[in-house]
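Working through the structure, step by step
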Amino acid sequence: MNRRTTISFAECTARERLALLVDANSFHEWLPPAQRVTSTHLAQLGVPSAFDDGVAIGHAQLAGRTVFIAAQEGEFMGGGVGEVHGAKLVGMLRRAITGTERPHAVLILAESGGVRLHEANAGLIAVSEVMRALLDVRSAGIRVVVLIGGSNGCFGGMGIVARCADWVVMSDTGRLAMSGPEVIEASHGVQEYDSRDRALVWRTSGGKHRWICGDCDVLVEDDVMAFREAAIAAISPDGDSSQPRPATLITLESLEQEHALLTARLALLPDHVVGDEAVALWKLYGLGNAGDVAEMNVESLLTQRPTGSQI
Amino acid sequence: MTDIPVGLETLRFVFAGHRPTGVFAPVLVGVVGSGNLEVLLEPREGSGCELHIETSARGFGSIWEAVARDFHERHQLAGIRVSVNDMGATPAVVSLRLDQAVTELVL
């Protein structure tokens, strides 16, 4: 068996992920650190800036195909989207439509707690612009793939951005949700949600849960090369076609289907569940050994795709 | 009470170097996270080694100067600008990051 050393995606910095995910030495950065396009807000609050405002954007080759790609740095302000950070994401997305070179796909390595609260309204507007730009890219037929595996997860506005994409790849250590654990606890009380209960947090926002529910399309181990393979598969053409795999069209019909699916999911769980709610939900999705999910590795879980997923 | 104004502290040190770096592509290492820092190396006119530091930990100017001087004595670089964004890294972490940046310098 061909064994190789696994490099944890979660433990890499954004720039390390970029370098390892795309073809070797193919990443070309727009607005690199030396250009010092930094936040105008942070210094006023006594907070140091980062030379790239916490996100690297550019173009690269992935299995020989041109992609536009962005990576958020979760260690800088929790990956929070500030004005400049958001503008860089928007610029990359818009360039996919208006630039001279049309990429095969756009990839976002998301790791973010959402809006950077220090920048308040500017950050909120930035995230909404990212969503609009992402949907414009999809409307232009270009596929958008979001990859989530950083230890800070993908929350808040970026959680919504992720679900606006065509395709979501997650590791089992990755997390995806709207409100983060601390936010839920603060607003609904510790009886409702104990943010320090890590097992609970992962049961309700972790990669395995998201995959079982169909909120993420591909589940991988916490391994950079597994993410690379999933990214290549996500942008590879269908069958013998020489054309890039197109974005999934958003239509009124597809949105109504999605709404029906979410309504059905909400109705699936009874009002009073004996035992753990997440495990009960997985059982209702048709997962026979739902109680063992937490201990399973990704490979074992993948053999058990529940029949009722996409509910 | 302290007489240090609220906000970031900005420090600048310039040393006379002896090992010219010439032209090189900018190097970035590290991340501005808690107890961490990022270091950006760029070419600079002249023979000086200039360190520009922005830090959230105020009032440690003399320690920064010692760390910067140690760094310069180890490498003696000339014609280089070292820019640091710091979020409260300890002197040992700062020294390691500075050395890491020099290691990645392709001359």
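Our structure's up above, just so we're on the same page.
Note that the structure is a prediction, hence the values are computed from the model and not measured.

Here we look at the overall build of chain B
- Looking only at helices and strands, chain B has 2 helices and 7 strands in total.
- When its helices and strands are written in sequence order, chain B yields β-β-β-β-β-α-β-β-α.
- In terms of overall dimensions, chain B has a C-alpha envelope of 45 × 25 × 20 Å along the principal axes.
- Classification of the 107 residues of chain B by burial places 49% in the buried group.
- Just so you have it, chain B exposes about 5400 Å², and 56% of that area is on carbon and sulfur atoms.
- Taking the 8 positively charged and 13 negatively charged side chains of chain B as two groups, their mean positions are separated by 3 Å.

Let's talk about the environment of Gly180(A)
- Within the fold, Gly180(A) resides in the loop between β6 (167-171) and α5 (181-188).
- Residues Gly180(A) and Phe155(A), spaced 25 residues apart in sequence, show a C-alpha to C-alpha distance of 6.0 Å.

Some points on the sheet that holds strand β5 (residues 143-148) of chain A
All names here are of chain A.
- Judged by pairing direction, the sheet is mixed, and its 7 strands sit side by side in the order β1-β2-β3-β4-β5-β6-β7 without closing on themselves. The sheet is open, and its two borders are formed by β1 (28-30) and β7 (218-220), each paired with just one other strand. Across the sheet, the mean angle from the axis of one strand to that of its neighbour is 25°, orientation sign disregarded.
- Along the sheet, helix α8 (residues 224-235) makes contact with β2 (55-62), β3 (65-72), β4 (105-110), β5, β6 and β7, crossing β5 at roughly 165°.

Structural notes on the sheet that holds strand β5 (residues 48-55) of chain B
Residue and element names in this part refer to chain B.
- Pairing is mixed in the open sheet, where 5 strands are placed in the order β1-β5-β7-β4-β3. Every other strand in the sheet has two partners, leaving β1 (9-16) and β3 (27-30) as the edge strands with one partner each. Within this sheet the neighbouring strands show an average axis-to-axis angle of 15°, counted without direction.
- Judged from the 7 bridges that link them, β5 and strand β7 (residues 80-86) form a sheet pairing that is parallel. Each bridged residue has a counterpart across the sheet, and for Leu51 the counterpart in β7 is Val82.
- Running over the sheet, helix α2 (residues 91-103) touches β3, β4 (37-43) and β7 and is turned about 35° from β4.

Quick notes on the interface of chain A and chain B
- Every contact between the two is made by 16 residues of chain A and, on the other side, 16 residues of chain B.
- Taking both sides of the interface into account, the surface hidden between chain A and chain B amounts to around 1300 Å²; carbon and sulfur atoms contribute 70%.
- Summed over the three residues of chain A that lose the most area to chain B, namely Arg36(A), Pro48(A) and Phe51(A), the buried surface amounts to 42% of that side.
- Our count for the contact surface shared by chain A and chain B stands at 1 salt bridge.

As for the pattern of salt bridges
Residue and element names in this part refer to chain A.
- Applying the stated criterion across every chain yields a total of 18 salt bridges over all chains.
- With a shortest N-O distance of 3.0 Å, Asp215 and Arg265 are connected by a salt bridge. Of this pair, Asp215 sits in the loop between α7 (207-213) and β7 while Arg265 is found in helix α9 (residues 252-268), placing the two residues 50 residues apart along the sequence. For the pair Asp215 and Arg265, a shared accessibility class is recorded, and that class is buried.

As for helix α1 (residues 14-21) of chain A
All names here are of chain A.
- Taken together, the buried positions of α1 are Ala14, Arg17, Leu18 and Leu21. Burial along α1 is one-sided: seen end-on, the buried residues are contained in an arc of 100°.
- Next to the buried residues of α1 lie β2, β3, β4 and α8.

Here we look at the pairing of β5(A)
Residues and elements named next belong to chain A.
- With respect to burial, β5 is a largely interior element, 6 of its 6 residues being buried.
- Burial along β5 is two-sided: the face carrying Arg143, Val145 and Leu147 and the face carrying Val144, Val146 and Ile148 are both buried.
- Taking the sense of rotation as the criterion, the β-α-β connection linking β4, helix α3 (residues 120-139) and β5 turns out right-handed.
- In this sheet, β6 lies alongside β5 in parallel orientation, the contact comprising 4 bridges. When the bridges of β6 are listed, Val146 appears paired with Val168.
- In this fold, the crossover linking β5 to β6 by way of helix α4 (residues 156-164) has right-handed handedness.

Topic: α8(A)
Residues and elements named next belong to chain A.
- For α8, built from 12 residues, the straight-helix expectation of 16 Å at 1.5 Å per residue is met to within 8% by its first-to-last C-alpha distance of 17 Å.
- Burial in α8 covers these residues: Val224, Ala226, Phe227, Arg228, Ala230, Ala231, Ala234 and Ile235.
- Where α8 begins, one side-chain oxygen reaches toward the backbone nitrogen of Met225, 3.1 Å away; that side chain belongs to Asp223.

Quick notes on the rules
Residues numbered from 1 in each chain as written. Chains lettered and ligands numbered in written order. Predicted model: local features only at pLDDT ≥ 70, side-chain atom pairs only at ≥ 80, totals over all residues. Heavy atoms only, no water. Helix = DSSP H or I, 4+ residues; strand = E, 2+ residues; numbered from the N terminus. Buried < 20%, exposed > 50% of the residue type's maximum accessible area, 1.4 Å probe, protein only. Areas by Shrake-Rupley, 256 points an atom, 1.4 Å probe, with all protein chains shown as cover. Lys, Arg positive; Asp, Glu negative; His and termini not counted. Charge placed at Lys NZ, Arg CZ, Asp CG, Glu CD. Pairing = 2+ DSSP bridges. Axes fitted to C-alpha atoms, helices over the stretch in contact; angles between N-to-C directions. Contact = heavy atoms within 4.5 Å. Buried area = accessible area lost by both parts, 1.4 Å probe. Salt bridge = Lys/Arg side-chain N within 4 Å of Asp/Glu carboxyl O. Arc of directions from axis to C-beta. Right-handed = clockwise from strand over helix to strand, strands pointing away. Expected span 1.5 Å × (residues − 1). Polar contact = N/O pair within 3.5 Å; in protein donor to acceptor, adjacent residues only side chain to side chain.

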